[in-house]
Amino acid sequence: MYPAFDLNAYHFSKRMHFKNVSLGDKFKVLVHTPYELIVEKSENQYIFLYNFGSIVFANWNPTEKEEILQKLSTLFSLNISAYKYDDYIIEIQPDSGTNHRLDFNKVVLQKFDFEAVRIVALLIGQSVALDYYQSITVDLLAETKDISEELRTKGKSTRNIKSLVKYMGACMSTKQNLTDDLYIYDEPDETWDNQNVSKLFEEARRHLEIQSRFKGIYYDLDLIQQSSEMVADLIHIRKQNVLELTIVALIAFEVIWLLVDKIL
C-alpha cells in the first residue's frame with residue numbers, strides 16, 4: 001500500500017537550465033533531459049523540475065521543502081519571494097475498481113505507477129505556469145483598458161512611444177514564452193507505450209482545463225497586441241502630422257521672410 005502523494009507546485013518567472021546541474025549525493029536522478037529533471041530522495045519522495053520554471057514536490061514536509069527551495073533558488077537564480085503556487089493529491093486505492101479517477105483536486109490510482117505520478121506532476125506544473133501567465137495577462141488587459149478609456153474620453157493617447165514599445169514588448173514576450181514553454185498539444189513520450197497513462201494524461205488535461213486556459217490567455221494577448229499596435233499607429237500618424245505642419249510652417253516663414261526682405 002502506497003501513501004497519498006501530496007504534490008506542491010511552484011512556478012517562477014525564469015527558465016531553468018539543467019545541463020551540468022547536480023543536486024548533490026542525497027538525490028537519485030531518475031530523469032535528466034534539457035526539458036525535465038526528476039530526482040528521488042527516498043522512497044516515494046520526488047522533486048520534478050521543468051525548464052519552463054515549475055517545480056513540483058511530491059511528499060515533502062514543509063520544513064524540508066523550504067530548505068530545498070532555498071537551495072534551488074540559489075542554484076537556478078530564482079526569486080523565492082515571487083511565485084505562483086498550487087497543490088494536488090494522488091491517492092492509491094487498490095479497491096477503487098478503475099485504473100484512475102479524477103476528483104476536484106486529486107486523482108485516485110488503483111496502483112502505484114511512477115509514470116502516472118510523473119504525468120500528473122507535469123500537468124500540475126503546467127497548470128501553475130498558466131496561472132502565472134494569466135496574472136501577467138490580467139495586468140496587461142488592465143493597462144489596455146486604461147489606454148482605450150483615454151482614447152474614448154480624450155480622443156488621443158498621452159503615452160510616448162518608449163512606454164508604448166515597452167507595453168507591446170511585454171505582450172509579445174509573454175506570447176512567445178507561453179508558446180515556447182508550454183508544449184500542451186503534444187503528448188509526452190511516456191504516454192506512447194502505456195494506454196492507461198495516455199488516458200490519464202488526456203483526462204487530467206481536460207480536468208485542469210489546460211488547453212482552454214492556454215487558448216484563453218493567447219486570445220487575450222492577441223487582443224492586447226492588436227490594441228497596442230493600433231495606438232502605436234495613431235501616435236505615429238500624429239507625429240507625422242506634427243512634422244508636416246512644422247515643415248509647412250517653416251516654408252511659410254521662409255516665404256514671408258523673403259517677401260519682407262524684398263519690401264524693405
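Look above for the structure.
Summarised in this report is the structure supplied together with it. The model shown is predicted, which means the values in this text are computed figures rather than measured ones.

## A few points about the pattern of salt bridges
- What the rule picks out here adds up to 8 salt bridges.
- Between Lys 175 and Asp 222 there is a salt bridge; the shortest N-O distance is 2.6 Å. Taken as a pair, Lys 175 in helix H3 (residues 161-181) and Asp 222 in helix H5 (residues 210-263) lie far apart in primary sequence, 47 residues in all.

## Overview of the packing of aromatic side chains
- If you walk through the whole model with that rule in mind, you get 17 aromatic pairs.
- Between Tyr 46 and Phe 48, the ring centres sit 5.9 Å apart and the planes meet at 50°, which makes this aromatic pair tilted.
- Classification of Tyr 46 as buried rests on a relative accessible area of 4%.
- When its relative accessible area of 0% is taken as the criterion, Phe 48 is described as buried.

## Looking at the pairing of strand E6 (residues 84-92)
- Of the pairings in the sheet, the one linking strand E1 (residues 5-11) to E6 comprises 7 bridges and is antiparallel in character. Of the residues in E6, the one forming a bridge with Asn 8 is Asp 87.
- Judged from the 4 bridges that link them, E6 and strand E8 (residues 106-109) form a sheet pairing that is parallel. Bridge assignment links Ile 92 to a residue of E8, and that residue is Leu 109.

## Examining the sheet that holds strand E3 (residues 36-42)
- Reading across the sheet, the 8 strands line up as E2-E3-E4-E5-E1-E6-E8-E7 and stay open at both edges, with mixed pairing between neighbours. The open sheet is flanked by strand E2 (28-32) and strand E7 (100-102), the only strands paired with a single partner. Averaged over all adjacent pairs, the angle separating strand axes in this sheet is 15°, with direction ignored.
- Taken strand by strand, helix H1 (residues 62-76) contacts E1, E3, strand E4 (45-50), strand E5 (54-58) and E6, and its axis lies near 155° from that of E5.
- In this fold helix H4 (residues 195-207) packs onto E6, E7 and E8, with an angle of close to 5° to the strand it touches most, E7.

## Here's the deal with unusual backbone geometry
- Its identity is not glycine, yet Asn 44 carries a phi of approximately 65°, on the positive side.
- Of the residues examined, Asn 44 reaches a relative accessible area of 8% and is grouped as buried.
- The phi torsion at Glu 209 lies on the positive side, around 55°, for a residue other than glycine.
- Its place among the elements puts Glu 209 in the loop between H4 and H5.

Thresholds, definitions, all that
- Residues numbered from 1 in each chain as written.
- Predicted model: local features only at pLDDT ≥ 70, side-chain atom pairs only at ≥ 80, totals over all residues.
- Heavy atoms only, no water.
- Salt bridge = Lys/Arg side-chain N within 4 Å of Asp/Glu carboxyl O.
- Helix = DSSP H or I, 4+ residues; strand = E, 2+ residues; numbered from the N terminus.
- Phe/Tyr/Trp six-rings, centres within 6.5 Å; stacked < 30°, edge-to-face > 60°.
- Buried < 20%, exposed > 50% of the residue type's maximum accessible area, 1.4 Å probe, protein only.
- Pairing = 2+ DSSP bridges.
- Axes fitted to C-alpha atoms, helices over the stretch in contact; angles between N-to-C directions.
- Contact = heavy atoms within 4.5 Å.

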